[in-house]
Every structure is written in C-alpha cells, then in structure tokens.
Amino acid sequence: MHAPGTVMLEARGIGKSFGPVRALSGVDLQLRAGEVTAIMGENGAGKSTLLKILTGDYQPDAGTLELAGTEVHFTDPRHSRIAGLRVIAQEPEVIAHVSVAENIYVGALRGPLFDKRAVYAKTRADLAKYGFERLIRPEALGSTLSPAQRQIVEIMRALVDEPAVICFDEPTSSLGEDESGILFALIQRLRDEGVAIGYVSHRMQEIFQLADRITVLRDGALVGTKLTAETDHDELVRMMVGRDLTQFFHREPVTPGETVLELRDVGNEHVSGVDLTVRAGEVVGIAGLVGAGRSELMKTIVGDFPITSGEILVSGRRTSFRSPGDAIAAGIGFAPEERKAEALVLQRPVRDNITLAVLKELSRWIFVRAGAERALTADYISRLRIRTPSSEQLVGKLSGGNQQKVVLARWLATRPKLLVLDEPTRGVDVGAKAEIYAIIDELAHAGVAVLVVSSELPEVLGLADRINVMAGGRIVGELSRAEATEEAILALAMDESRIS
Amino acid sequence: MTAVTAEPRLGPLRRVVGGIGVQNISLLMAIGLLLLIIGTQNPLFFTVGNLRVIGTAIAISGLLAVVQTMVIIMGALDISVGSIAGLTSVSSAMIFTVAGPALGVAGAVVIGIVCGLVNGCIIVFGRVNPVIATLATLAAYKGLAQLVSDGRAQGYTGADGFFVFLARGTLIGVPVLIWVLVIVAVLAHVALRYTRVGRNIYAVGGNDVASRLAGININRYIIGIYMMTGAIAAVAGVLITARTGSGQPVSGSEGLELESITAAALGGAALKGGKGTIAGTILAVILLGILTNGMTLLGVNSFWQNVAKGALLVLAVVIQQLRSGERRIGLPG
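Note that this is a predicted model, so its numbers are computed, not measured.

How each quantity is defined
Residues numbered from 1 in each chain as written. Chains lettered and ligands numbered in written order. Predicted model: local features only at pLDDT ≥ 70, side-chain atom pairs only at ≥ 80, totals over all residues. Heavy atoms only, no water. Helix = DSSP H or I, 4+ residues; strand = E, 2+ residues; numbered from the N terminus. Buried < 20%, exposed > 50% of the residue type's maximum accessible area, 1.4 Å probe, protein only. Contact = heavy atoms within 4.5 Å. Areas by Shrake-Rupley, 256 points an atom, 1.4 Å probe, with all protein chains shown as cover. Lys, Arg positive; Asp, Glu negative; His and termini not counted. Charge placed at Lys NZ, Arg CZ, Asp CG, Glu CD. Polar contact = N/O pair within 3.5 Å; in protein donor to acceptor, adjacent residues only side chain to side chain. Pairing = 2+ DSSP bridges. Axes fitted to C-alpha atoms, helices over the stretch in contact; angles between N-to-C directions. Buried area = accessible area lost by both parts, 1.4 Å probe. Salt bridge = Lys/Arg side-chain N within 4 Å of Asp/Glu carboxyl O. Domains from an automatic or database assignment. Nonpolar A, V, L, I, M, F, W, Y, C, P; charged D, E, K, R; others polar. Parallel < 35°, antiparallel > 145°, perpendicular 65-115°, else oblique. Left-handed = near helix turned anticlockwise from the far one by under 90°. Phe/Tyr/Trp six-rings, centres within 6.5 Å; stacked < 30°, edge-to-face > 60°. Lys NZ or Arg CZ within 6 Å of the ring centre and 35° of its normal. Expected span 1.5 Å × (residues − 1).

Novice: Whenever I open this one, the overall build of chain A confuses me. Can you help?
Specialist: Each helix and strand in chain A was counted, giving 17 helices and 22 strands. Classification of the 500 residues of chain A by burial places 54% in the buried group. When contacts within chain A are restricted to residue pairs at least 6 apart in sequence, long-range pairs at least 24 apart make up 67% of them. For chain A, the exposed area adds up to about 21200 Å²; of that, 50% sits on carbon and sulfur atoms. Mean positive and mean negative side-chain charge positions of chain A (57 and 68 charges, respectively) differ by 5 Å.

Next up, the structure:
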C-alpha cells in the first residue's frame, strides 16, 4: 500500500459536454491514500458525470487523469476496475434470480466448475470480515434484497478486487441509520488500510463525520477544496448553492382539526397491530430503520396491500379499499418511495404525469379537455416552481427534485384530504428539498393531513408534529415534537428490532 | 432560479419536424424514395388501378397492425390475431350460410371478442406472459378454426351483395376495404391521442405500478384491449371471407400476426411499451405495401421480397436504437 497522503488519483482540468450542455469544465480532483475526500454539490452539479469519467464510462473532452502517477485513458469501466479503481453505484444492479454469493463473485469466478458450498463459505467469511454478516445471507436471492442489502452486495463486489481507490456515490441515500453506521465503520477501516476514498453525498452530517477533505462542485465547475477541519456547515452550503440557506427547516405547527385518518389494530402480512391517527392540518412523521415496514404500512393505507385485520377509517367512515383507485376516490394521495419505478411514467411528458390521477375530472365523457389540462399543468408548474423547459418535456429528463415536484403536483391536483409521502426528498438536492418542505408546510396550513415517511431524522424532526416510530412491522412508540430527538427515535427503533 | 413556464420558441422547421416526429419523417422519406425508384422503373406503378391494388392489399394487415400497435403501447403483445382472423373468417361464412350476412358479421365479431377475453383472462388471472399466452392461443384458435371447418374453406359468400360490396365496392371512388382501415385507424388515433382511455394505455405501458397507484384499473385495461383486438381481428376475418368469397380457416390469415408486429415496430412502437403512434404504424404499413407491390411489378422473386422486408425492419430498428444513444451492451432495453 502507498504511504498515507500520496495522491492516488489525480484529475486535472476535466471537461465534458453533452451536445450543447456543458456538464463539467476545468474540474480538478485529488484522492489521497488513507484519506476520505468528499465530493459535494447539488444535483446537476456534475458529481455523477465526474464519477463516470473516473471509471471510463464517459470519456472527457478535456483534461487528464492519473492513477498512482501514471496517466490513464479508460474507455470502459472494466479498464478502471483492472487498474484498481472502483465506484460503488448508488443504485446497484443486482441479478434477481441468483444468490447473494453469486452476485458478489459474478465475474470473479474462475474455472468451469461452480463449487456452491465453497463460494457460500467464502461469502460468509467475507461478509463477517466487514461486519455485514447479520444483515445479509449468502443464500438470499437478489430479488429479495432491500436497497441497503443491494448496496452491501455492491460494496462486497468491489472489495473482492482490493482496489486502491474506491468512490461511493451517495451510498446512504437508501440506507437507514444503523446500516449507515456499519458502512461508515467500513469506510474508516478501508481508509486506515490505505485506500483512497472518494465519497459523494448530500448529507452534511456524514461528510463531517467521515471526510478529511471536501471538494465542492457547482454547475459543473470546481468551487474549491477544503480541509474538513477548516470549514463548517454554513460555508459548505454557501459554496454549494452560492447563497445562504437558513438552517434546517422547522415548521410552525397548526392547530389540528378533525381526524382524517384512523387505523385501529390494522394488520396484514406486512404489518401488525397498527394504531395511528392523522388529523387535518397535522404532519405526522413515520420513522424507523430500513425494513421496519414503513413503506408497507403506507401501501396498506392507500389500498395497495389489503388488510386482514383491524379497520381503517377516513373522516370517521370505515373504508374497505380494494385498490389504490378506491383510496384516491376517498381523498388520499400517495407519493411512493421509488419515484422512477413507482410514480412516474418517464417516457411521457410532464403534463401527462401531472394529470394522470385527475384525467377523469379533466374529461368530457372520454375526451380530455385540452385547454383545462393545459391550464392545470401550467398552474402547478408555476406554483411548485417545477423547472422544466415546457409542459411537454419528458419527465425522465428532469432532475430528481423536479421529478418529485411533478409527483407532488399529481396528488395536489386531486385535492386530497390526506397526503401520504414516502421519502419525499430522497435524491433531491438541497434547494429543491427546502421547496418541498415549504410545500408540505403550506398544505398543512391549508388543512391537509400529511403522513411523511423519512429515513433522514433531521427531516422528520423538522417537519413532523408527532413522530411514530416503527420496527418489525409495528408502531413501537409515539413521540411528540417536544420529546422527539434523534437519540430518542433511534433508541425506540433499534430497541424493538432487537426484541423481534 | 425562476420557474420556467413559457414554452420555448422554436423555428418553423423545427416545429413542423416536432409535430410530425422524426420517426414519421424518416418513414415518409423512405416511401418517397421507393416511389421514385419504382415509378421510374415501371410506368404502371402510378396508375389508379395499381394504387387501388396496393390499398386493398394492405387493408387487412393494416387493421391488425393498428390494434397490434395499441397492444404494444400497453406493453403487451398479441400473436394470436392471425388465428382469430382465421377462426372468424370461417365462422362468418358458416353463420352466413345459415343466417345471412348481418348475423354472419355479428357472430364473427362476438367470437373475436370472446377470443380476446380469453387471452386477457389468461394473462391477468393466470399470470401468463402475454407472448406465451397468445402463442398458446395462436395454436388453439387455429386448431379450432380447422376443427369447425374440417380444415377446408367453408361457405360461399361470393354471390352475396354485402360481401361483394365489402370486397369490391367503392365509396366516392375509394374501395370499401380502404375505408374500413381508414375508419379504424382514425378511431384508434383519436382514442390514443385525445381520450383518457388512450392516455391511460400509454401510462400502463410506460409504468404499470405508477398507473395502478394513480388509480387506473390496469386489469380492466388489459382485458379491454385484448377484447378490442379480438373484435378488430374479427373484422379482418370478415374482410378475408369477402375477398376470397369463402371462409378461410388458415390460408388467408397465416402470418398476419408477424406482419402486424413488423409494421408496429417499423412505425416506432417500442415493445417495452409506452411508446408508439397509429400514424407511424400506418406509414409503415403503406411502406411495406408499396415495397411488396413494387417488387412484384419489377419482377422480384417473392422469396427475395421476404428478405427485403426483413432487412428493412432490422435497418429501421437499428437506426432508431442508435439514435436513442443507448449503450451497446447486453440485451437492448
């Protein structure tokens, strides 16, 4: 291994354009052995493009790349892998129908025979070595893995090659607090072993916990590199957005109105014994670790999963939703966790995506009233400040934050009594996040009941009037705004998960 | 950072191109090129008589291509359409023999709808992949057609006024066969473009989970589209009977399913769903019709005609895919 502080990877003056769009220009980056260098910037700042250039996924238009002092020109991710550089993808590709062990050693298996037992044993040993043995089984099939587990598979794949440089692309965006902790321990260990680590993240707290140096990008250009010890939260935010953002969002609670949603002892194959109420004008947060059953509970509430016991009341009336359509008719809107997979029709325009749930109201018999539809779309694009060249832009081409606003617009257009938001700011940049918080606040003031699931504790703490903590498919505790702290939430979430 | 609400100004050319679509413009250019080549080689090509021949030749496969496009936009496939056309061709002629033309046509349409309902139910409730499900019913419906007809052409409709009108009649100088295709294509185009049903078809094909969570009853849409496909396949079956003068269990319809998929793909419909237009498909149908007709006029052997059609499809899809900029790794999306 190289001595700590040696520059392992050096990028100089990197530039890259896609047609008329300049994604990167004049970006320098150094990753040093035995150090964690954070790469920060809002969505669209060029972080992902930079990582893709490092791996050889894209070729730069300008600039040079040196790995351990030799200039390199990667034209394929395999080349960079062989040279000792790995990037851990944000959303790793996992082969659905094969085991975790085979997923990890895919490409690394040698010889014509596949010794299943030996590979499982090796996988088990490797998982134990890095502290993942309790989180994932070598025999589990790819299709059954949670986002966190998929991330672990991706990390293990990288470690097989013992690379000298590892870059993580927002690794914690799909992880709960406990898994993040394990990941941080792993990263620190790799650093101590002399690996040069690049770490892309939005989350300030992690950066200060992990990084030795911080490189900030804005609009495809380098803003600067700072030693972590010599900078602070406010300076970084200023560097990232070029403006001061007020500290984390804290909303003014509204006096709640009548009960909009009430769950009494609700259970099915995913959740059990859930009691929950949400009143008009109230924002109720659902916290918990990944796998606690939070998303499943939300899908139960919106009628996607049937209930087998207990009852759900909306505005005091007992419901029996047989499909999400019934829940929408009852005044419930739902923005699911996986925006691209579950909420958006990516190859259709912004307009179609906004009006998807209200087409019936916009139609005369079966014909869509074009004028009414255009007016509604334009209204939401300006109200939610959706940044899109036009209402006809394909939604897949928007940034994460604007895509999320399109999803919100779809549900606001239904004028819901209750809005269920599962991870509303995942993969959304700082600026759009603040706007989404403001939208939620405005909704609560307008008397909408809001249920928010979030893995980011500061977000739940900032938004929610009450916080319900879930573990093992149950609600294990409720905290008022006054009682709620990150420690209190984690204590509940982790304590119960140990019991079950 | 201000919200951008105004539509950007485009040059007139860009606007026209955007309105027609690059896909359709390429098809139009291909058609123009073909017309030029064939027209200069053979003066018979541009006669009214020959244009009618092309029109009536593409009417039946065109009908199936239109409905196939709708199925493909919804992310599914129906390879049983040819067999349904065969089954309904025979049944229309057999019912006609005992009950007259009106019941003959009505009976065929009802049978077509039932066939589509069976397809839809196998897919939705049996959880069978659409390709496999309709591959199975392709065989089953063909077998049924052979069973009821004993494997032979049935019923003579060549003397019936209505069937003769369908096959050889004209309205305002245009053959009835072409009218049928035009009406079905216009209805399908309007449905896809201007109704919520059409919008939902694109949505279900583009992202079925999102569509379900947005309140669309996707089972109803899947079964509905297969029933509609069955009905239009039955219309095609009736036209086959009219053109040949008797019910044809297999010979008039075999291979139509592949022709319909070819036309839809050539017209820009994506097999993974969510993308495609009726205009594109119709242009593709016309292109294929001109190609066949022109090569026949130029004396090209029909085996070579098949090779040419296949080559055209591959070329068109390759160009489409390369234009989309997808990376050349693994199985294409």
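Next comes the rest of the account.
Novice: What am I meant to see in the side chain of Asn207(B) here?
Specialist: By the secondary structure assignment, Asn207(B) is in the loop between α9 (196-206) and α10 (208-213). A distance of 3.2 Å separates a polar side-chain atom of Asn207(B) from the backbone oxygen of Lys340(A). Reaching out from Asn207(B), the side chain makes a polar contact with the backbone nitrogen of Val209(B) at a distance of 3.2 Å. Discounting residues that sit within four places of it in the chain, Asn207(B) has contacts with Lys340(A), Ala341(A), Glu342(A), Ala343(A), Leu344(A) and Val345(A).

Novice: Is there a simple way to think about the sheet that holds strand β16 (residues 332-335) of chain A in this case?
Specialist: Two strands in a sheet stick together by hydrogen bonds in their backbones, pointing the same way (parallel) or opposite ways (antiparallel). All names here are of chain A. Strand order across the open sheet formed by six strands is β16-β19-β20-β13-β21-β22, with mixed pairing between neighbours. The sheet is open, and its two borders are formed by β16 and β22 (474-480), each paired with just one other strand. The mean inter-strand angle of the sheet, taken between neighbouring strand axes irrespective of direction, is 20°. Its contacts with the sheet place helix α14 (residues 400-412) against β16 and β19 (418-422), and it is angled at close to 170° to β16.

Novice: Before we go on, may I ask you to explain the interface of chain A and chain B in this structure?
Specialist: Often the size quoted for an interface is simply the accessible area lost on bringing the parts together. Contact residues are listed per partner, giving 42 residues for chain A and 29 residues for chain B. For the pair chain A and chain B, the two sides together bury roughly 2800 Å², of which 57% comes from carbon and sulfur. The tally of links between chain A and chain B comes to three salt bridges. Between Asp352(A) and Arg199(B) there is a salt bridge, with its nearest N and O atoms 3.7 Å apart. Put simply, chain A and chain B have 10 residue pairs in polar contact (both at pLDDT 80 or more) between them.

Novice: Looking at this structure, how should I read helix α12 (residues 256-266) of chain B?
Specialist: An α-helix turns once per 3.6 residues; consequently, residues spaced three or four apart project the same way. All names here are of chain B. In terms of burial, α12 is a largely internal element, nine of the 11 residues being buried. Taken together, the buried positions of α12 are Leu-256, Glu-257, Ser-260, Ile-261, Thr-262, Ala-263, Ala-264, Ala-265 and Leu-266. At the exit of α12 stands Gly-268, carrying a positive phi of roughly 100°.

Novice: Help me out: how do you make sense of the domain arrangement of chain A in this one?
Specialist: Residues and elements named next belong to chain A. Assigned domains within chain A: domain 1 (7-94 + 145-241) and domain 2 (259-499). Each of domain 1 and domain 2 has a C-alpha centre, and these two points are 31 Å apart. With 16 residues of domain 1 at the contact, the number on the domain 2 side is 17 residues. Taken together, both faces of the contact between domain 1 and domain 2 bury some 1300 Å²; the carbon and sulfur share is 53%. Viewed at the interface, domain 2 and domain 1 are joined by zero salt bridges. Put simply, domain 1 and domain 2 have zero residue pairs in polar contact (both at pLDDT 80 or more) between them. Taken together, the elements giving at least two residues each to the side of domain 1 that touches domain 2 come down to α5 (147-160) and α6 (177-192). It is α6 that provides the largest number of residues to the side of domain 1 that touches domain 2, a total of three residues. The residue makeup of the side of domain 1 that touches domain 2, split by class, is four nonpolar, seven polar and five charged.

Novice: Sorry if this is basic, but what is going on with the pattern of salt bridges here?
Specialist: Opposite charge on two side chains lets them pair, provided their charged atoms get close. Counting across every chain of the model gives 37 salt bridges over all chains. Residue Glu435(A) is joined to Lys405(A) by a salt bridge in which the shortest nitrogen-to-oxygen separation is 2.4 Å. Placement of the pair is Glu435(A) in helix α15 (residues 430-445) and Lys405(A) in helix α14, with a sequence separation of 30 residues. Both residues of the pair, Glu435(A) and Lys405(A), belong to the buried class. Bridged by salt links that share partners, the residues Arg348(A), Arg351(A), Asp352(A), Glu373(A), Glu392(A) and Arg199(B) form one connected network.

Novice: Sorry, what's going on with the packing of α14(A) against α15(A) here?
Specialist: Relative placement of two packed helices is described by the angle separating their axes and the distance separating the axes. Residues and elements named next belong to chain A. One can describe the packing of α14 onto α15 by two numbers: an axis separation of 10 Å at closest approach and a directional angle of 15°. Classified by the angle between their axes, α14 and α15 sit roughly parallel to one another. When the axes of α14 and α15 are compared, the crossing they make is left-handed. Between α14 and α15, the residues in contact are Gly-401, Gln-404, Lys-405, Leu-408 and Leu-412 and Ala-432, Glu-435, Ile-436, Ile-439 and Leu-443, respectively. Residues that form the contact of α14 with α15 fall into these classes: six nonpolar, two polar and two charged.

Novice: Explain the environment of Leu346(A) here, please?
Specialist: Residues and elements named next belong to chain A. On the secondary structure map, Leu-346 appears in the loop between α11 (339-343) and α12 (350-355). When the C-alpha atoms of Leu-346 and Gly-447 are compared, they prove to be 31 Å apart, with 101 residues separating the residues in sequence. Beyond its immediate stretch of four places on either side in the chain, Leu-346 contacts Lys-340, Leu-394, Val-395, Gly-396 and Gln-403.

Novice: What is the right way to look at the packing of aromatic side chains in this model?
Specialist: Centre-to-centre distance and the angle between the planes together describe a pair of aromatic rings. In this structure the tally under the stated criterion is five aromatic pairs over all chains. With centroids separated by 5.3 Å and ring planes inclined at 75°, the aromatic side chains of Phe96(B) and Phe163(B) adopt a geometry described as edge-to-face. Residue Phe96(B) is located in helix α4 (residues 81-99), and its partner Phe163(B) is located in helix α7 (residues 161-168); the two are separated by 67 residues in the primary sequence. Three or more aromatic residues joined by ring pairs form one cluster here, namely Phe96(B), Phe162(B) and Phe163(B). The ring of Tyr202(B) has Arg348(A) lying over it, and the distance from NZ or CZ to the ring centre is 4.0 Å.

Novice: Would you mind showing me how to read α14(A) here?
Specialist: Spanning 13 residues, α14(A) covers 18 Å between terminal C-alpha atoms, matching the ideal 18 Å at 1.5 Å per step. Burial of α14(A) is extensive: 13 of the 13 residues sit out of reach of the surface.

Novice: Any chance you could explain the packing of helix α13 (residues 278-297) of chain B against helix α14 (residues 302-323) of chain B here in plain terms?
Specialist: All names here are of chain B. Interaxial distance between α13 and α14 falls to 10 Å at its minimum, and their mutual angle equals 150°. The angle between the axes of α13 and α14 places the two elements in the roughly antiparallel class. Helix-helix and strand crossings are classified by hand; for α13 and α14 the assignment is right-handed. Between α13 and α14, the residues in contact are Leu-287, Leu-288, Leu-291, Thr-292, Met-295 and Thr-296 and Gln-305, Ala-308, Lys-309 and Leu-312, respectively. A breakdown of the residues in the contact of α13 with α14 according to their chemical character gives six nonpolar, three polar and one charged.

Novice: Explanation requested: the pairing of strand β11 (residues 259-267) of chain A in the structure shown.
Specialist: Across a regular strand the side chains alternate sides, sitting on one face of the sheet and then on the other. Residue and element names in this part refer to chain A. Sheet topology places β11 next to strand β12 (residues 274-279); five bridges connect them, and they run antiparallel. The residue of β12 that forms the bridge with Val-266 is Val-274. Hairpin remark: β11 followed by β12, antiparallel, with six residues in the connecting loop; positive phi at Gly-273, about 55°.

Novice: Which parts of the structure should I look at to understand the sheet that holds β12(A)?
Specialist: Residue and element names in this part refer to chain A. Pairing is antiparallel in the open sheet, where four strands are placed in the order β12-β11-β14-β15. The open sheet has two free edges, formed respectively by β12 and β15 (317-319), since each of these has just one partner strand. Averaged over all neighbouring strand pairs, the angle between strand axes comes to 20°, with direction disregarded. Strand contacts of helix α9 (residues 294-301): β11, β12 and β14 (309-314), with the helix running at about 115° to β11, the strand carrying the most contacts.

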